Amino acid sequence: MAITSTPALFISILLSLVLISSAQSCSEYTFPGNQAFDSCIDLPFLQANIHWNYIPSTRTVHIAYRANQTSTGWIAWAINPTGTGMVGSQALVAFHNSNGSLTAYPTPITSYTTSMRPGALSFKVSNISATYANNQMSIFAVLGPLQNGTAVNHVWQAGNSVINDIPSSHATTGPNIQSMGTLNFLSG
């Protein structure tokens, strides 16, 4: 009996993966509250997407970063205006705090042992908020004016826990150290 159930299990798992990956496509996702974004990309790591509207006249960008996450974890998306990778990144982070409400704020990443406490970024951030539904957490914000043009180095991250209302360290292997790239707000 185990032999005949193995192919059925394999087909079930494969079908589940196909359904999950199609459900996460950014171009087909509809945000609540009639929020619409002209551009998006499915990020290659951490089951995440970035959506945006770029306004050339003001050099600002309205972003929505969306990632799969449990209710006890945290997510972050950042622009690094000075290099690639984590250190130097200007991040937006979201998580459920100790009273159960969703929290979102900016935090500069100054070292590998950063505190992830709220702080000012090197560019203006407004209208920051977050949502959580169906094991997906999203961060919304308006960034800019951006000084370095429309192409940015960006990083995204996720961690499994929050202690005393501060995100704890993320994994330092696999997708967590690969989650970075270049994003052009004009061409994707």
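Everything here concerns the structure above.
Computed from a predicted structure; not experimentally measured. (Residues numbered from 1 in each chain as written. Predicted model: local features only at pLDDT ≥ 70, side-chain atom pairs only at ≥ 80, totals over all residues. Heavy atoms only, no water.)

Trainee: Lay out the sheet that holds strand S9 (residues 151-159) in plain terms, naming residues and giving numbers.
Mentor: On the basis of which strands lie adjacent, the open sheet formed by five strands has the order S6-S5-S4-S9-S12 and antiparallel pairing. Two strands bound the open sheet, and with one partner strand each, they are strand S6 (102-108) and strand S12 (180-184). If you compare each strand with its neighbour and ignore which way they point, the axes differ by 25° on average. As judged from the seven bridges shared by strand S4 (residues 74-80) and S9, these two strands associate in the antiparallel manner. Looking at S9, one finds that Ala 76 is bridged to Gln 157. (Pairing = 2+ DSSP bridges. Helix = DSSP H or I, 4+ residues; strand = E, 2+ residues; numbered from the N terminus. Axes fitted to C-alpha atoms, helices over the stretch in contact; angles between N-to-C directions.)

Trainee: Summarise the sheet that holds strand S8 (residues 136-143); cite the residues concerned and give the values.
Mentor: Strand pairing in a sheet takes place through backbone hydrogen bonds and is either antiparallel or parallel in direction. The five strands are arranged S1-S2-S3-S8-S7 in an open sheet whose pairing can be described as antiparallel. Looking at which strands have only one partner, the edges of the open sheet turn out to be strand S1 (39-42) and strand S7 (125-133). Averaged over all pairs of adjacent strands, the angle between strand axes in this sheet comes to 15°, irrespective of strand direction. In the sheet, strand S3 (residues 60-68) pairs with S8 via eight bridges, with the strands oriented antiparallel. Looking across to S8, one finds that Ala 67 is bridged to Met 137.

Trainee: How would you sum up the environment of Val 152? Please name residues and give values.
Mentor: With respect to the secondary-structure elements, Val 152 resides in strand S9. Judged by relative accessible area, Val 152 falls into the buried class, the value being 8%. Spatially, the C-alpha atoms of Val 152 and Leu 183 are 5.3 Å apart, while their sequence positions differ by 31 residues. (Buried < 20%, exposed > 50% of the residue type's maximum accessible area, 1.4 Å probe, protein only.)

Trainee: I'd like a description of the packing of aromatic side chains, backed by residues and values.
Mentor: For the coordinates displayed, the defined rule picks out six aromatic pairs. A ring pair is formed by Trp 52 and Phe 185, whose centres lie 5.9 Å apart and whose planes are at 70°; its orientation type is edge-to-face. Note that Trp 52 is positioned in strand S2 (residues 48-55) and Phe 185 in the segment after S12, a separation of 133 residues in sequence. Note on Phe 95 and Tyr 105: the rings are 5.9 Å apart at their centroids and 90° apart in plane angle, and the pair reads as edge-to-face. With Phe 95 in strand S5 (residues 90-96) and Tyr 105 in strand S6, the pair connects residues that are 10 residues apart, well separated along the chain. Here Phe 95 matches Tyr 105 in class, with each residue buried. Among the aromatic side chains, those forming a connected cluster through ring pairs are Tyr 29, Phe 31, Phe 37 and Phe 140. The positively charged end of Arg 66 is found above the aromatic ring belonging to Tyr 29, 3.7 Å away from the centroid. (Phe/Tyr/Trp six-rings, centres within 6.5 Å; stacked < 30°, edge-to-face > 60°. Lys NZ or Arg CZ within 6 Å of the ring centre and 35° of its normal.)

Trainee: So what about unusual backbone geometry? Which residues, and what values?
Mentor: For the bond from Gly 144 to Pro 145, the omega torsion is 20°, close enough to zero to count as cis. By the secondary structure assignment, Pro 145 is in the loop between S8 and S9. Located in the positive-phi region is Gln 47, a residue other than glycine, with phi close to 45°. As for its position among the elements, Gln 47 is in the loop between S1 and S2. Backbone geometry places Asn 135, a non-glycine residue, at a positive phi of 60°. For Asn 135, the position within the fold is in the loop between S7 and S8.

As far as function goes, none of this settles anything; it's purely spatial.
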